Amino acid sequence: DTAVSQTPKYLVTQMGNDKSIKCEQNLGHDTMYWYKQDSKKFLKIMFSYNNKELIINETVPNRFSPKSPDKAHLNLHINSLELGDSAVYFCASSLAQGDEQYFGPGTRLTVT
Amino acid sequence: GDSVTQMEGPVTLSEEAFLTINCTYTATGYPSLFWYVQYPGEGLQLLLKATKADDKGSNKGFEATYRKETTSFHLEKGSVQVSDSAVYFCALRRTGNQFYFGTGTSLTVIP
């Protein structure tokens, strides 16, 4: 059973488009996260939700909007995609804030 | 503010060589420290952790000791294998329970 899953695994799209990435965890965790990993492997947190409520919102363009329909899901919607958005996006979850994080396999987004 | 500094890679070693990846931290209070590993094409996985000074975390032959006097948490393995090729991330859990990851160190082990 996959603990943290993301779809799609690969996403290639053109500048200006709007796209979404979905994340689901079946671990019963309360906290979920979105990270962006650039081409140099630098990992930066974007958002964190606890029980469907936003608790961390780092400096991220407002073109990025997370949505948590329930505590097992945290989706990421991106409007007006730009070349600089190309990266690997990781979803993660933890039992509570500050606990060990379990990462999904990543979504490689390429904007052309 | 709290931060983690990792040695820059890439690191290339021959099989059975000794591995050290340096990690130092800056933090107020007493953070918990972690090493995560990312194998090619996969997400990060927790490798080991230490929650207080002098604790030693260990897993899969890897070890790291939380050294408060040198604010370090260096990762070591006595004999690396090709299957250890991955990117290794040092991380700390900040006050307020937020994680901060280092920039990652890429390790390639050649037969």
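Details of the structure are given in the entry above.
This one's a predicted model, so the numbers in the text were calculated from it and none came from an experiment.

Peer 1: Where do I start with the overall build of chain A in this structure?
Peer 2: Assigned secondary structure in chain A consists of zero helices and 11 strands. Along chain A, helices and strands appear, N-terminal first, in the series β-β-β-β-β-β-β-β-β-β-β. By the compact-globule yardstick of 13 Å for 112 residues, chain A fits well, its C-alpha radius of gyration being 13 Å. Taken over the C-alpha atoms alone, chain A extends approximately 35 × 30 × 25 Å along its principal axes.

Peer 1: It is not clear to me how the state of the cysteines should be interpreted in this structure. Could you clarify?
Peer 2: Each disulfide consists of a covalent bond between the sulfur atoms of two cysteine residues. Residue and element names in this part refer to chain B. Under the criterion given, the structure shown has two disulfides over all chains. Note that Cys23 is cross-linked by a disulfide to Cys90, the S-S spacing being 1.9 Å. On the sign convention where negative means left-handed, the S-S torsion of about -70° between Cys23 and Cys90 marks this disulfide as left-handed. Taken together, the positions of Cys23 in strand 4 (residues 23-26) and Cys90 in strand 10 (residues 86-93) put the pair 67 residues apart, joining distant regions of the chain. Among the residues examined, Cys90 registers a relative accessible area of 0% and is labelled buried.

Peer 1: Even after reading the chapter, I still don't get the nonpolar core, so can you show me in this structure?
Peer 2: The tendency in soluble globular proteins is for nonpolar side chains to be buried side by side. Residue and element names in this part refer to chain B. Formed by 26 residues in total, the largest nonpolar core has its most connected members in Trp35, Leu47, Leu48, Phe73, Leu75 and Tyr88. Every element with two or more residues in this core is listed here: strand 2 (11-14), strand 3 (19-21), strand 4, strand 5 (32-38), strand 6 (44-50), strand 8 (62-65), strand 10 and strand 12 (105-110). In terms of residues, this core owes the most to one element, strand 10, which gives four residues. When residues no more than four places from it in sequence are discounted, the contact partners of Tyr88 are Gln6, Ile21, Trp35, Tyr36, Val37, Leu47, Phe62, Leu75, Gly104, Thr105 and Leu107.

Peer 1: Any chance you could explain the environment of Ala86(B) here in plain terms?
Peer 2: Tracing the backbone through its elements, the reader meets Ala86(B) in strand 10. When neighbours within four sequence positions are excluded, Ala86(B) is seen to be in contact with Val37(B), Gln38(B), Tyr39(B), Thr105(B), Ser106(B) and Leu107(B).

Peer 1: How should I be thinking about the pairing of strand 7 (residues 56-59) of chain B in this particular structure?
Peer 2: Put simply, side chains in a regular strand alternate between the two faces of the sheet. Residues and elements named next belong to chain B. Pairing analysis gives four bridges linking strand 7 to strand 8, with the strands arranged antiparallel. Bridge pairing in strand 8 places Asn59 opposite Phe62. Counting the residues in the hairpin turn of strand 7 and strand 8 gives two residues, including Lys60, whose phi is positive at 55°.

Peer 1: How should the pattern of salt bridges be read in this particular structure?
Peer 2: Pairing is possible between side chains that carry opposite charge, provided their charged atoms lie close to one another. For the structure on display, the rule yields six salt bridges over all chains. Between Lys77(B) and Asp84(B) there is a salt bridge, and its shortest N-O distance comes to 2.8 Å. Overall, Lys77(B) belongs to the buried group, its relative accessible area being 11%. Judged by its relative accessible area of 6%, Asp84(B) is buried. When salt bridges that share partners are traced, they join Arg63(A), Glu82(A) and Asp85(A) into one network.

Peer 1: What's the story with the sheet that holds strand 3 of chain B in this structure? I'm lost.
Peer 2: In any sheet, the strands associate via hydrogen bonds between backbone groups, in a parallel or an antiparallel arrangement. Residues and elements named next belong to chain B. A sheet is described by the order of its strands in space; here four strands give the open sequence 3-9-8-7, paired in antiparallel fashion. One side of each edge strand has no neighbouring strand; the edge strands of this open sheet are strand 3 and strand 7. Geometrically, the sheet is characterised by an average inter-axis angle of 15° between neighbouring strands, direction not taken into account. Relative to strand 9 (residues 75-77), strand 3 runs antiparallel, the two sharing three bridges. Residue pairing for strand 9: Ile21 is matched across the bridge by Leu75.

Peer 1: Before we go on, may I ask you to explain the sheet that holds strand 3 (residues 19-25) of chain A in this structure?
Peer 2: Residues and elements named next belong to chain A. As summarised here, the arrangement of the four strands in space is 1-3-8-7, forming an open sheet in which the pairing is antiparallel. If you trace the sheet from one side to the other, it starts and ends with strand 1 (4-7) and strand 7 (64-70), each paired once. Between one strand axis and the next, the sheet turns through 20° on average, direction left out of account. Two strands pair when backbone bridges link them, and strand 3 and strand 8 (residues 73-78) are joined in this way by four bridges, in the antiparallel orientation. Residue pairing across strands places Glu24 opposite His73, the latter belonging to strand 8.

Cut-offs applied
One numbering rule holds for all chains: residues counted from 1, following each sequence as written. Chain A is the first chain written and ligand 1 is the first ligand written, with later ones labelled in order. With pLDDT at 70 or above as the cut-off, local features in this predicted model cover only qualifying residues; side-chain atom pairs require 80 or more to be listed or tallied, and sums for whole chains, interfaces and linings still use all residues. Processing note: side-chain calculations cover all non-hydrogen atoms of the structure and skip hydrogens and water entirely. Only DSSP runs of H or I covering at least 4 residues are called helices, and only runs of E covering at least 2 are called strands; the numbering of each starts at the N terminus. Atoms considered for the radius of gyration are the C-alpha atoms alone. The globule rule reads 2.2 Å times the number of residues to the power 0.38. By disulfide we mean two sulfur atoms from cysteines, separated by a distance within 2.5 Å. Whether a residue is buried, partly exposed or exposed follows from its accessible area with a 1.4 Å probe, protein chains only, as a fraction of its type maximum: under 20%, in between, or over 50%, in that order. By convention a nonpolar core is built from buried Ala, Val, Leu, Ile, Met, Phe, Trp, Tyr and Cys residues, the set being connected through side-chain atoms within 4.5 Å. Residue contacts follow a heavy-atom distance rule, with two residues in contact if any of their heavy atoms lie within 4.5 Å. Being paired, for any two strands, means DSSP has found at least two bridges between them. Salt bridges, as used here, are contacts in which a Lys or Arg side-chain nitrogen is within 4 Å of a carboxyl oxygen on Asp or Glu. Here an axis means a line fitted to C-alpha atoms, over the contact stretch when the element is a helix, while the angle between two N-to-C directions is reported on a 0 to 180 degree scale.

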